Amino acid sequence: MNISTVKTHMDISQPVRKSRLTNPGWFLVSPSVALLLLWMIVPLGMTVYFSMIRYNLLYPGENQFVGLENFSYFLSDSGFLPGATNTLLLVGSVLLISVVFGVLISALLEASEFLGRGIVRVMLISPFFIMPTVGALIWKNLIFHPVSGILAYIWKLFGAQPVDWLAHYPLLSIIIIVSWQWLPFAILILMTAMQSLDQEQKEAARLDGAGPIAIFWHLTLPHLARPIAVVVMIETIFLLSVFAEIFTTTNGGPGYASTNLAYLIYNQALVQFDVGMASAGGLIAVLIANVAAIVLVRMIGKNLTDKA
């Protein structure tokens, strides 16, 4: 390529760049972008401000600057360690249940041919569209109730003493409720992914003598690697902020047995009226959520790129 060709190429590329900058689309999009920035920056800025002052609704006149004192108090609070531990247990358990049972149920539905399979699919997905508060009330009053619940009736049929699940196994009860709500999401994603599986490969594997378990392990499961990664990433982000199920059923108790970080922040803000400490806890929760999101996006994004 000679010098004249390079100059001609530069002369052509410069107007293209200028035309992109002067494109009216930038002016049309800028109001919505500015509104979104304000929508995020203003609440975040107010939260940072409140986290730096002593702001308790019971003492409205005392708003002096305290720096990082609220963060220190929140991290040293007696409920922080149980709340962080319960959050990790809740997220990890629900993810494990969603992925394992989602894969198994999706594979079973895909491999089986029976009358009413479409209705079964709709019924399996339907809990995902129920509001969390309504779902928690159903489990609390119709299933887990020690007197009138379905489990209590089954226990009595076998002559056993009914169990008060929410009192004796509060965190396990919350895990079951949240898993019931998020398992349909995993089933929906994984069933959709299974429909794109190459059936010719499965037929070839059967002709070569491969059984159902071998086909599932060597063909179906590798094909579901990307959708499983998507399920893990999306569910993790939402499960870090589980609140309605805890508030409706156990109120974080007994003690801190079923308290997670989201409920601990609520308790600081609207029960103890300490807005400053709650704001500091909110920023800590945002930091944890962002770290988890970045790690998941990097790990899963790399996984998706390698398999693309």
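Worth saying up front: this structure is predicted, and the values here are computed from it rather than measured.

Definitions and limits used
- Residues numbered from 1 in each chain as written.
- Predicted model: local features only at pLDDT ≥ 70, side-chain atom pairs only at ≥ 80, totals over all residues.
- Heavy atoms only, no water.
- Helix = DSSP H or I, 4+ residues; strand = E, 2+ residues; numbered from the N terminus.
- Buried < 20%, exposed > 50% of the residue type's maximum accessible area, 1.4 Å probe, protein only.
- Contact = heavy atoms within 4.5 Å.
- Areas by Shrake-Rupley, 256 points an atom, 1.4 Å probe, with all protein chains shown as cover.
- UniProt positions renumbered as here; feature names shortened; annotations may be inferred.
- Salt bridge = Lys/Arg side-chain N within 4 Å of Asp/Glu carboxyl O.
- Expected span 1.5 Å × (residues − 1).
- Phe/Tyr/Trp six-rings, centres within 6.5 Å; stacked < 30°, edge-to-face > 60°.
- Patch = residues over 30% accessible without salt bridge, like charges linked within 9 Å, V, L, I, M, F, W, Y side chains within 5 Å.
- Axes fitted to C-alpha atoms, helices over the stretch in contact; angles between N-to-C directions.
- Parallel < 35°, antiparallel > 145°, perpendicular 65-115°, else oblique.
- Left-handed = near helix turned anticlockwise from the far one by under 90°.
- Nonpolar A, V, L, I, M, F, W, Y, C, P; charged D, E, K, R; others polar.
- Core = buried A, V, L, I, M, F, W, Y, C linked by side-chain atoms within 4.5 Å.

K.L.:
So what exactly am I meant to see when it comes to the overall build of the protein here?
P.N.:
A count of helices and strands for the protein gives 15 helices and 0 strands. When burial is assessed residue by residue, the protein has 33% of its 308 residues classed as buried. Nonlocal contacts in the protein, meaning residues at least 24 apart in sequence, comprise 68% of its contacts between residues at least 6 apart. A total accessible area of about 18800 Å² is found for the protein, and carbon and sulfur atoms account for 72% of it.

K.L.:
I tried to follow the UniProt feature "transmembrane region" (unreviewed entry) in the protein on my own but got confused; where do I start?
P.N.:
In this numbering, the UniProt entry assigns the feature "transmembrane region" (unreviewed entry) to residues 26-50, 88-109, 118-139, 171-193, 228-249 and 269-297. Its end C-alpha atoms 32 Å apart, residues 171-193 is made of 100% helix and 0% strand. Secondary structure content for residues 269-297 is 90% helix and 0% strand, while the C-alpha to C-alpha distance between its ends is 31 Å.

K.L.:
I'm lost on the pattern of salt bridges in this one. Help?
P.N.:
Close approach of charged atoms allows side chains with opposite charge to pair. Counting across every chain of the model gives 1 salt bridge. For Arg54, the salt bridge goes to Glu69, with nearest N and O atoms at 2.8 Å. Pair noted here: Arg54 is in the loop between helix 2 (24-51) and helix 3 (69-75) and Glu69 is in helix 3, with a separation of 15 residues, a long-range link.

K.L.:
Would you explain helix 12 (residues 225-239) in this entry?
P.N.:
Note that an α-helix has 3.6 residues per turn; residues three or four places apart therefore point the same way. Spanning 15 residues, helix 12 covers 21 Å between terminal C-alpha atoms, matching the ideal 21 Å at 1.5 Å per step. Turning to helix 12, its buried residues number three or more, namely Ala225, Pro227, Ile228, Ala229, Val231, Glu235, Thr236 and Leu239.

K.L.:
Explain the environment of Ala111 to me, please; I cannot follow it from the model alone.
P.N.:
Note that Ala111 resides in helix 4 (residues 80-111). Once the C-alpha coordinates of Ala111 and Pro212 are considered, the two residues, 101 residues apart in sequence, prove to be 9.1 Å apart.

K.L.:
Looking at this structure, I do not really get the packing of aromatic side chains. What am I missing?
P.N.:
The way to describe two aromatic rings as a pair is by their centre distance and the angle between their planes. Across all of its chains, the model carries 18 aromatic pairs by this definition. Ring centres 5.6 Å apart and planes at 35° place the aromatic pair Trp182 and Phe238 in the tilted group. Taken together, the positions of Trp182 in helix 9 (residues 170-194) and Phe238 in helix 12 put the pair 56 residues apart, joining distant regions of the chain. For Phe238, a relative accessible area of 48% translates into the label partly exposed. Taken together, the ring pairs in this structure connect Trp139, Phe144, Trp155, Trp165, Tyr169 and Trp180 into an aromatic cluster.

K.L.:
Whenever I open this one, a nonpolar patch on the surface confuses me. Can you help?
P.N.:
Judged by side-chain polarity, Leu28, Val29, Val33, Leu36, Leu37, Trp39, Met40 and Ile41 come together as a nonpolar surface patch covering roughly 890 Å² of accessible area. Relative to the elements of secondary structure, Ile41 occurs in helix 2.

K.L.:
Please explain the packing of helix 4 against helix 5 (residues 117-125) as it appears in this structure.
P.N.:
Pairs of packed helices are described in terms of their axes, by the angle between the two and the distance that separates them. Running from N to C, helix 4 and helix 5 cross one another at 165°; their axes reach a closest spacing of 11 Å. Of the possible angle classes, the one that applies to helix 4 and helix 5 is roughly antiparallel. Relative to helix 5, the crossing made by helix 4 is left-handed. Every residue of helix 5 that contacts helix 4 at Ile105, Leu109 and Glu110 is listed here: Arg117, Val120, Arg121 and Leu124. Each residue belonging to the contact of helix 4 with helix 5 can be placed in one class, and the counts come to 4 nonpolar, no polar and 3 charged.

K.L.:
Help me understand the nonpolar core, please; the structure alone is not making it clear to me.
P.N.:
For soluble globular proteins, nonpolar side chains are generally found buried alongside one another. Grouped together as the largest cluster of nonpolar side chains are 17 residues, with contacts concentrated most on Leu90, Val94, Val178, Trp182 and Leu239. Counting only elements with at least two residues in this core, the list comes to helix 4, helix 9, helix 12 and helix 14 (261-271). For this core, the element with the most residues is helix 9, which contributes 7 residues. Residue contacts for Trp182: discarding those within four places in its chain leaves Val94, Ser98, Phe128, Glu235, Phe238 and Leu239. Of all hydrophobic cores here, the second largest spans 12 residues; its members include Leu261, Leu264, Ile265 and Met277.

K.L.:
Would you take a moment to explain the environment of Ala205 for this structure?
P.N.:
If you trace the backbone, Ala205 turns up in helix 10 (residues 199-207). The residues touching Ala205, leaving out its near neighbours within four places in the chain, are Ala210, Ile215 and Leu219.

K.L.:
Explain the packing of helix 4 against helix 9 to me, please; I cannot follow it from the model alone.
P.N.:
One can describe the packing of helix 4 onto helix 9 by two numbers: an axis separation of 7 Å at closest approach and a directional angle of 40°. Considering the angle they form, helix 4 stands oblique to helix 9. Between helix 4 and helix 9 the crossing geometry is right-handed. Its residues assigned to classes, the contact of helix 4 with helix 9 shows 20 nonpolar, 6 polar and 1 charged.

K.L.:
I keep staring at the environment of Ile150 and nothing clicks. Help me out?
P.N.:
Tracing the backbone shows Ile150 in helix 7 (residues 150-157). Taking relative accessible area as the criterion, Ile150 reaches 48% and is therefore assigned partly exposed. Along the chain, Ile150 and Trp139 lie 11 residues apart, while their C-alpha atoms are 9.5 Å from each other. When residues no more than four places from it in sequence are discounted, the contact partners of Ile150 are Leu142 and Ile143.

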